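Descriptive structure summary
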Amino acid sequence: EDQVTQSPEALRLQEGESSSLNCSYTVSGLRGLFWYRQDPGKGPEFLFTLYSAGEEKEKERLKATLTKKESFLHITAPKPEDSATYLCAPSISGAGSYQLTFGKGTKLSVIP
Amino acid sequence: SAVISQKPSRDICQRGTSLTIQCQVDSQVTMMFWYRQQPGQSLTLIATANQGSEATYESGFVIDKFPISRPNLTFSTLTVSNMSPEDSSIYLCSVDSGTGTYEQYFGPGTRLTVT
């Protein structure tokens, strides 16, 4: 059974304190690994897609990396506006399958 | 990316009743999806809705409980039927980007409370 585990469940950082969020997955036939940001009361906002081990993508203070079994979302010098829940979602290959298997997310709080 | 709207944004309903949620996209899309996000839980795919064909439901979800319509390439509805308090959730629609990347873009969600 495909599984996705995100850690930690919650993370409090001081403004400027860099850290990493982890997404571990056990899926067969990974087609892509997606990262989303979700603010309270809103739908998930797309951040990154990673397709192969070793791939990295950056956007402002965020950098996502991918290995064969996990992905990391590194946040450098975070600001309070980076506070949100970050979700990862592997997509598995298969005929007609567009299913994203979401983790429970990491709730990030950045304190001024 | 596509701009997606949902109606209603929230509702409080009595058990035994039904609610239809609308999802409108500002551009034509082939694939639309409906998700449920229960309190403290991750997003779970309910079904995939393609225009002109029956929706495909994931394990644990049935058409009688969650009928879906997809009348055209910019619109879909999800009905939550015969509601119980366990149906209290956020319901989200999403669309495939259409770029071959399998990226999905989400609407703002509908927060449903069943009393």
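These remarks concern the structure in this document. Residue numbers here run from 1 along each chain, matching the order of that chain's written sequence. Working convention: letters from A go to chains and numbers from 1 go to ligands, in the order in which they are written. The model is predicted, so local features are restricted to residues of pLDDT at least 70 and side-chain atom pairs to those at 80 or more, both for listing and for counting; the totals for chains, interfaces and linings are taken over all residues. Values shown for side chains rest on all heavy atoms present in the structure; no hydrogens or waters enter the calculation.

On to the sheet that holds strand β3 (residues 19-26) of chain A. All names here are of chain A. In this scheme, strands are said to pair when DSSP sees at least two bridges between them. Every helix listed is a DSSP run of H or I at least four residues long, and every strand listed is a run of E at least two residues long, numbered separately from the N terminus. Sheet architecture is open: five strands sit in the order β1-β3-β8-β7-β6, paired in antiparallel fashion. Edge positions in the open sheet fall to β1 (3-7) and β6 (56-59), since each of these has one partner strand only. Between one strand and the next, the sheet's axes are offset by a mean angle of 15°, whatever the strand orientation. In this sheet, β3 lies alongside β1 in antiparallel orientation, the contact comprising five bridges. For Q3, the partnering residue across the bridge sits in β3 and is T26. Here an axis means a line fitted to C-alpha atoms, over the contact stretch when the element is a helix, while the angle between two N-to-C directions is reported on a 0 to 180 degree scale.

Taken together, the 18 residues of chain A in the interface contact 21 residues of chain B. Where chain A abuts chain B, roughly 1,600 Å² becomes buried across the two surfaces, and 59% of that area is made up of carbon and sulfur atoms. A carboxyl oxygen of Asp or Glu within 4 Å of a side-chain nitrogen of Lys or Arg is what we treat as a salt bridge. One can count zero salt bridges joining chain A with chain B. Pairs of N or O atoms within 3.5 Å make up the polar contacts considered here, provided that, within protein, one atom can donate a hydrogen while the other can accept it, and that residues adjacent in sequence are counted only when both atoms are side-chain atoms. Counting across the chain A and chain B interface gives six residue pairs in polar contact (both at pLDDT 80 or more). Note on definitions: a residue-residue contact is assigned when non-hydrogen atoms from the two residues lie within 4.5 Å. Two parts lose some accessible area (1.4 Å probe) when they are put together, and adding that loss for both gives the buried area.

Let's shift gears to unusual backbone geometry. Residue S7 of chain A is joined to P8 of chain A through a cis peptide bond whose omega torsion reads -10°. Examined against the element boundaries, P8 of chain A turns out to sit in the loop between β1 and β2 (10-14). The omega angle of the peptide bond from K7 of chain B to P8 of chain B is -10°, so this bond is cis rather than trans. The phi angle at E60 of chain A is positive, at roughly 55°, despite the residue not being glycine. Unusually for a residue other than glycine, A77 of chain A sits at a positive phi of about 45°. Position of A77 of chain A among the secondary structure elements: in the loop between β8 (70-75) and β9 (84-92).

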